[in-house]
Amino acid sequence: MIFHDVTSEVEVETLRKDFTSMLVHELRSPLDGIKKISEVLKSKNITLEGKDHDEYIQLIYKNSSNMLELVNDILDVAKIESGKFSIKKQEGNIKNVISDRVEFYSIVAKDSSVLLQSSFSEDIPEKSMFDQEGIEHVLNNLISNAIKYTNEKGEVKVVTFLHKGGAKIEEEAKLAGYTSQNPFPSKITGDEKNTCLVVMVSDNGIGIEEENLANIFTKFRQLDTKNAVAKKQKGTGLGLVIAKGIIEEHNGHIGVVSKIGVGSTFFFTIPVV
């Protein structure tokens, strides 16, 4: 007799089914909303004018945009898995990109009673090569997740600095304004001798269980914490998979450290050529 342990296969299949069910729900909800709004708009028995009409149109736009974003995420993951995902590096100012994303999410943070801040080291180059749209996607995911899993009156901070090859990276981070009580990542770059831009998004939120850290950048894995923040909504779990693909296409590294009750720090690097 030959025994074969299929525990991992069963687990993956269960995750796949749960993931598919979640995707169907994520698509069905906005579609149902669009259908109902469209029925109201075409009804001859209901007359909408001015503000009411504009609000219904805005709802259609919002729901359709959410569906398009989800579909784009699914397509990006498929490209990453097939090796067809690519980025377009152009000269840009990383400080401007990060400042713009922090300003954008400041409204979300304020609504959640979370303090969102950013800090930069003084030696960050004005121009560097990166895919602006891709880095915006990564920042959107990391900042929104940090806010999502941080309780009221918590703090989220985005710290950016230039790591000079051979220098002590932890000291560089502290000089740039990194003050998190999270454990400092033992290894941020693939080669500490190389010069690169480092972006760290830290929070003092609920933290991530150790058993979830190893698979957090894996498809089908949606963070399911035992200490969930009740006020926050769930996502598709695809954002970190795409973020990993984008950073690796830059020949950079992405990772996370976390401790329950202390918070989490996500980080990524962009090589400076």
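What this report covers is the structure whose coordinates are included nearby. Predicted model, so just to flag it, every value in this text is computed and none were measured.

Let us look at the nonpolar core. Judged by nonpolar contacts, the single largest core of 41 residues is most densely connected at Ile94, Leu116, Ile135, Leu139, Ile143, Phe266 and Phe268. Of all the secondary-structure elements, those providing two or more residues to this core are helix H3 (94–111), helix H4 (132–148), strand S4 (155–163), strand S5 (196–203), helix H7 (239–249), strand S6 (254–259) and strand S7 (263–271). Counting residues per element, this core draws most heavily on H4, at seven residues. For isoleucine 143, the residues in contact, after removing those within four places along its chain, are Arg101, Val102, Tyr105, Leu116, Val158 and Val201. Counting 12 residues, the second-largest nonpolar core is a separate cluster that includes Ala173, Tyr178, Phe184 and Phe267.

This part takes up the sheet that holds S5. Taken in spatial order, the five strands of this open sheet run S2-S4-S5-S7-S6, and their pairing is mixed. The sheet terminates laterally at strand S2 (115–120) and S6, the two strands that pair on one side only. Geometrically, the sheet is characterised by an average inter-axis angle of 15 degrees between neighbouring strands, direction not taken into account. Alignment of S5 against S7, held across eight bridges, turns out to be antiparallel. What sits directly across from methionine 200, in S7, is phenylalanine 267. This element, H3, spans S2, S4, S5 and S7 of the sheet and lies at about 170 degrees to S2. H4 rests against S2, S4, S5 and S7 of the sheet, and its axis sits at about 170 degrees to S7.

Let's shift gears to H4. Over its 17 residues, H4 runs 24 Å from end to end, which matches the ideal 24 Å to within 8%, given 1.5 Å per residue. Taken together, the buried positions of H4 are Gly134, Ile135, Val138, Leu139, Asn141, Leu142, Ile143, Asn145, Ala146, Ile147 and Lys148. If you check the start of H4, you find a side-chain oxygen 3.1 Å away from the backbone N of glutamate 133, and it comes from aspartate 131.

The next subject is the packing of aromatic side chains. By the definition in use, this model includes three aromatic pairs. On the numbers, 5.1 Å between centres and 85 degrees between planes, the contact of phenylalanine 104 with tyrosine 105 is edge-to-face. Take phenylalanine 104: its relative accessible area is 48%, and that puts it in the partly exposed class. The buried category is assigned to tyrosine 105, whose relative accessible area is 12%. For the pair phenylalanine 217 and phenylalanine 266, a centre-to-centre distance of 6.2 Å together with 75 degrees between the ring planes defines the contact as edge-to-face. Taken together, the residues phenylalanine 217 in the loop between helix H6 (210–213) and H7 and phenylalanine 266 in strand S7 connect sequence positions 49 residues apart. Of the two residues examined, phenylalanine 217 and phenylalanine 266, each falls in the buried class. Between the NZ or CZ atom of lysine 95 and the centre of the ring of phenylalanine 120, over which it lies, the distance is 5.5 Å. A cation over a ring is seen here: arginine 101 above phenylalanine 104, with NZ or CZ 4.7 Å from the ring centre.

Before going further, it helps to examine the packing of H4 against H7. Between H4 and H7, whose axes approach to 9 Å, the crossing angle comes to 140 degrees. When the interaxial angle is binned, H4 and H7 end up oblique. The way H4 lies across H7 gives a crossing that is left-handed. Two secondary-structure elements touch here, H4 through Gly134, Ile135, His137, Val138, Asn141, Leu142 and Asn145 and H7 through Gly239, Leu240, Ile242, Ala243, Ile246 and Ile247. Looking at the contact of H4 with H7 residue by residue, the classes come out as eight nonpolar, five polar and no charged.

Relative to the helices and strands, leucine 162 resides in strand S4. For the pair leucine 162 and glutamate 172, spaced 10 residues apart in the sequence, the C-alpha separation amounts to 7.8 Å. Discounting chain neighbours no more than four positions away, the residues touching leucine 162 are Ser121, Asp123, Ile124, Pro125, Glu172, Thr195, Cys196, Leu197 and Val272.

A few words now on H3. End to end, H3 covers 26 Å across 18 residues, agreeing with the expected 26 Å (1.5 Å per residue, within 8%). Bending of H3 peaks at approximately 35 degrees at the position of tyrosine 105. If you check the start of H3, you find a side-chain oxygen 2.9 Å away from the backbone N of lysine 95, and it comes from asparagine 93. Phi for serine 113, located one or two positions after H3, is positive at around 60 degrees.

Definitions and cut-offs
- Residues numbered from 1 in each chain as written.
- Predicted model: local features only at pLDDT ≥ 70, side-chain atom pairs only at ≥ 80, totals over all residues.
- Heavy atoms only, no water.
- Core = buried A, V, L, I, M, F, W, Y, C linked by side-chain atoms within 4.5 Å.
- Buried < 20%, exposed > 50% of the residue type's maximum accessible area, 1.4 Å probe, protein only.
- Helix = DSSP H or I, 4+ residues; strand = E, 2+ residues; numbered from the N terminus.
- Contact = heavy atoms within 4.5 Å.
- Pairing = 2+ DSSP bridges.
- Axes fitted to C-alpha atoms, helices over the stretch in contact; angles between N-to-C directions.
- Expected span 1.5 Å × (residues − 1).
- Polar contact = N/O pair within 3.5 Å; in protein donor to acceptor, adjacent residues only side chain to side chain.
- Phe/Tyr/Trp six-rings, centres within 6.5 Å; stacked < 30°, edge-to-face > 60°.
- Lys NZ or Arg CZ within 6 Å of the ring centre and 35° of its normal.
- Parallel < 35°, antiparallel > 145°, perpendicular 65-115°, else oblique.
- Left-handed = near helix turned anticlockwise from the far one by under 90°.
- Nonpolar A, V, L, I, M, F, W, Y, C, P; charged D, E, K, R; others polar.
- Bend = angle between axes of the 7 residues up to and from the residue.

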